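Topology and contacts: notes
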Amino acid sequence: MAQKHNVIVAGLLAAIALVMPAVAQENTPNDPRLFTPGKLTVSTSEPSYPPWVLDNNPEAGEGFEAALVYALAEQLGFKRDDVVWVDVTFDGAIAPGPKNYDFSIQQISVTPDRAKVATFSDVYYQSDKAVIALPDSTVAGAKSFADLKQARWGVAVGTTDFDYVTNVLGIDNAAVYDDQAGVFQALQGGQIDATIAALPTALYATAVQVPEAKITALLPKDPKDEGLALLFASGNPIVPWINEGLAAIRDSGKIDELVQKYLVADPNIPVISE
């Protein structure tokens, strides 16, 4: 009888375990420090653009940043359905204060000013710069920084692209526009010969925004651009855990695999380094 009693008790305990919620434990999907324990809540912009997110649908996991989130979630132990996406503007993401998500991913560059009001993960991507020009522009045949200086440049005010053109290429007479849309309109209208952008932005621009233009050269990474990182509310305690996950998928080659799939330009595009 005692043996039968023990079997019944064991069965009851097993049944109770099945219906009880999972025990909260740090550095697991049930970490109580998550915005919603059991879920990985991620914000991105609406709309989201390729090659970062394809078809404005991050839930599909296609596009560099969408695929990166799902690879990271799997590494951390989350099921695919446990990833929850939230729409947040770029300005809203970088604003100080509490967040209704665990982190934001939308091509957010690490800067000293942003780091004063938010906490960043380790960098997950740092882009080359790309020259965007019309095919018949003199820039299309450039082979050096000296050649590039002969062109009429246009950049958006207050951007890292403006700093790069001025401080790295040494061009001090670039036309300045309020935004990138204005730059592309000037390019299409023949008012400027070239502009510059991070490679993924250039890929999208030449495919969708200014399809008559092309990427004519790749340039070195911006020495003042620390790269893209996940952004958290200031002091969020899960950052070290997330960094462990990022390191694991980086070491496994997964991030490089995603770069090759989504962020690589034509290998025949020339590289200008000086």
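You'll find the structure just up there.
Structural notes, computed from the coordinates. (Residues numbered from 1 in each chain as written. Predicted model: local features only at pLDDT ≥ 70, side-chain atom pairs only at ≥ 80, totals over all residues. Heavy atoms only, no water.)

1. Considering the overall build of the chain
What counts, and what does not: Comment: elements are numbered from the N terminus, with helices defined as DSSP H or I runs of at least four residues and strands as E runs of at least two. Each radius of gyration is computed over the set of C-alpha atoms, and the globule rule expresses the reference value as 2.2 Å times the number of residues to the power 0.38. Burial classes follow relative accessibility: with a 1.4 Å probe on protein chains only, a residue under 20% of its type's maximum area counts as buried, one over 50% as exposed, and anything between as partly exposed. Only the protein chains shown count as covering a residue, and every accessible area follows the Shrake-Rupley method with a 1.4 Å probe. Under the convention used here, Asp and Glu are negative, Lys and Arg are positive, and both His and the chain ends fall outside the count. Where a charge lies is defined by one atom per residue type, namely NZ (Lys), CZ (Arg), CG (Asp) and CD (Glu).
For the chain, the helix and strand inventory stands at 10 helices and 10 strands. Taken over the C-alpha trace, the chain has a radius of gyration of 23 Å; the compact-globule value for 274 residues is 19 Å, which it surpasses by more than 25%. Dimensions of the chain, computed from the C-alpha atoms along their principal axes, are close to 95 × 35 × 30 Å. Of all 274 residues assigned to the chain, the portion counted as buried reaches 46%. As displayed, the chain offers around 13,900 Å² of accessible surface, 53% of which is attributable to carbon and sulfur atoms. Where the 18 positive side-chain charges of the chain centre and where its 34 negative ones centre are 4 Å apart.

2. Let's talk about unusual backbone geometry
The linkage connecting Glu 46 with the following residue, Pro 47, adopts the cis geometry, with an omega of 5 degrees. With respect to the secondary-structure elements, Pro 47 resides in the loop between β1 (40–44) and α2 (64–76). In this structure, Pro 51 follows Pro 50 across a cis peptide bond, with omega equal to 5 degrees. Within the fold, Pro 51 resides in the loop between β1 and α2. With phi around 60 degrees, Asn 27 is a residue other than glycine that occupies positive phi space.

3. Details of the pairing of strand β10 (residues 228–233)
We apply this condition: A pair of strands is labelled paired if DSSP reports no fewer than 2 bridges between them.
By the criterion of burial, β10 is predominantly enclosed, with 6 of the 6 residues buried. Relative to β10, strand β4 (residues 118–125) runs antiparallel, the two sharing 5 bridges. Bridging from a neighbouring strand, Val 123 pairs with Ala 229 of β10.

4. As for the layout of surface pockets
The condition is simple: Computed over the protein atoms alone on a 1 Å grid, cavities are sets of points where a 1.4 Å probe fits but cannot get out and pockets are open sets with protein on both sides within 12 Å along at least five of seven lines; a residue lines them when it has an atom within 4 Å of a point. Grid points are joined across faces, edges and corners, and a volume is the space filled by probe spheres set on the points. For this classification, the nonpolar set comprises Ala, Val, Leu, Ile, Met, Phe, Trp, Tyr, Cys and Pro, the charged set comprises Asp, Glu, Lys and Arg, and every other residue, Gly included, is treated as polar.
Taken as a whole, the largest pocket encloses approximately 1,400 Å³ of empty space. Along the wall of the largest pocket there are 46 residues; nearest its centre are Phe 90, Gln 107, Thr 160, Asp 161 and Thr 201. At the level of secondary structure, the elements contributing two or more residues to the lining of the largest pocket comprise α4 (112–115), β6 (154–156), α6 (160–167), α7 (180–188), β8 (194–198) and α8 (199–209). The residue inventory of the lining of the largest pocket, partitioned by class, reads 20 nonpolar, 18 polar and 8 charged.

5. Notes on the packing of aromatic side chains
Under the convention used in this document: Pairing of aromatic side chains requires ring centres within 6.5 Å, counting the rings of Phe and Tyr and the six-membered ring of Trp. Pairs whose planes differ by under 30 degrees are stacked, by over 60 edge-to-face, and all others tilted. Any Lys NZ or Arg CZ that is within 6 Å of a ring centre and within 35 degrees of that ring's normal is treated as a charge sitting over the ring.
On inspection of all chains with the given rule, the structure shows 8 aromatic pairs. Taken together, a centroid distance of 6.3 Å and an interplanar angle of 35 degrees make the contact between Phe 64 and Tyr 124 tilted. Linking Phe 64 in helix α2 with Tyr 124 in strand β4, this pair joins segments that are 60 residues apart in sequence. In this structure, Phe 64 and Tyr 124 share a single accessibility class: buried. Ring centres 5.5 Å apart and planes at 55 degrees place the aromatic pair Phe 103 and Phe 232 in the tilted group. You can see Phe 103 sitting in strand β3 (residues 103–104) and its partner Phe 232 sitting in strand β10, a full 129 residues away along the chain. There is no split in this pair, since Phe 103 and Phe 232 are both buried. An aromatic cluster of three or more residues is present, and its members are Trp 52, Phe 64, Tyr 124 and Tyr 125. Positioned over the ring face of Tyr 70 is Arg 80, at 4.1 Å from the centre of the ring.

6. Digging into the nonpolar core
Put simply, the rule is: Residues belong to one nonpolar core when they are buried, are Ala, Val, Leu, Ile, Met, Phe, Trp, Tyr or Cys, and are joined through side-chain atoms within 4.5 Å. Any two residues having at least one pair of non-hydrogen atoms within 4.5 Å are treated as being in contact.
One finds Phe 64, Tyr 124 and Leu 230 to be the most contacted residues of the largest nonpolar core, which totals 34 residues. Those elements that provide at least two residues to this core are β1, α2, β2 (83–87), β4, β10, α9 (239–251) and α10 (254–262). When residues in this core are grouped by element, the largest group, 9 residues, is from α2. Not counting residues up to four positions away in its chain, the partners in contact with Phe 64 are Pro 51, Trp 52, Tyr 124, Tyr 125, Ile 255, Leu 258, Val 259, Tyr 262 and Leu 263.

7. As for the packing of α2 against α10
Applicable threshold: Helix axes use the C-alpha atoms of the stretch in contact, all axes being lines fitted to C-alpha atoms, and the angles between their N-to-C directions lie in the range 0 to 180 degrees. The cut-offs work like this: below 35 degrees is roughly parallel, past 145 is roughly antiparallel, 65 to 115 is roughly perpendicular, and the gaps in between are oblique. Whether a crossing is left-handed or right-handed is set by the direction in which the near helix is turned from the far one by less than a right angle, anticlockwise for left-handed and clockwise for right-handed.
For the pair α2 and α10, interaxial distance at closest approach is 10 Å and the crossing angle is 160 degrees. Judged by the angle between their axes, α2 and α10 are roughly antiparallel. With respect to the hand of their crossing, α2 and α10 are arranged in right-handed fashion. The segment α2 lies against α10, with Phe 64, Ala 67, Leu 68 and Ala 71 engaging Lys 254, Ile 255, Leu 258, Val 259 and Tyr 262.

8. As for the pattern of salt bridges
Stated formally: Basic side-chain nitrogens of Lys or Arg form a salt bridge, by our definition, when they fall within 4 Å of a carboxyl oxygen of Asp or Glu.
Using the criterion set out here, one finds 9 salt bridges in the structure. The salt bridge partner of Lys 39 is Asp 82, with a shortest N-O separation of 3.4 Å. A residue pair is termed long-range when its members are at least 10 positions apart, and Lys 39 in the loop between α1 (2–19) and β1 and Asp 82 in the loop between α2 and β2 qualify at 43 residues. Among the residues examined, Lys 39 registers a relative accessible area of 29% and is labelled partly exposed. Between Lys 116 and Asp 113 there is a salt bridge, with the nearest N and O atoms lying 3.6 Å from each other. Several salt bridges share partner residues, and in doing so they unite Glu 26, Asp 31 and Arg 33 into one network.

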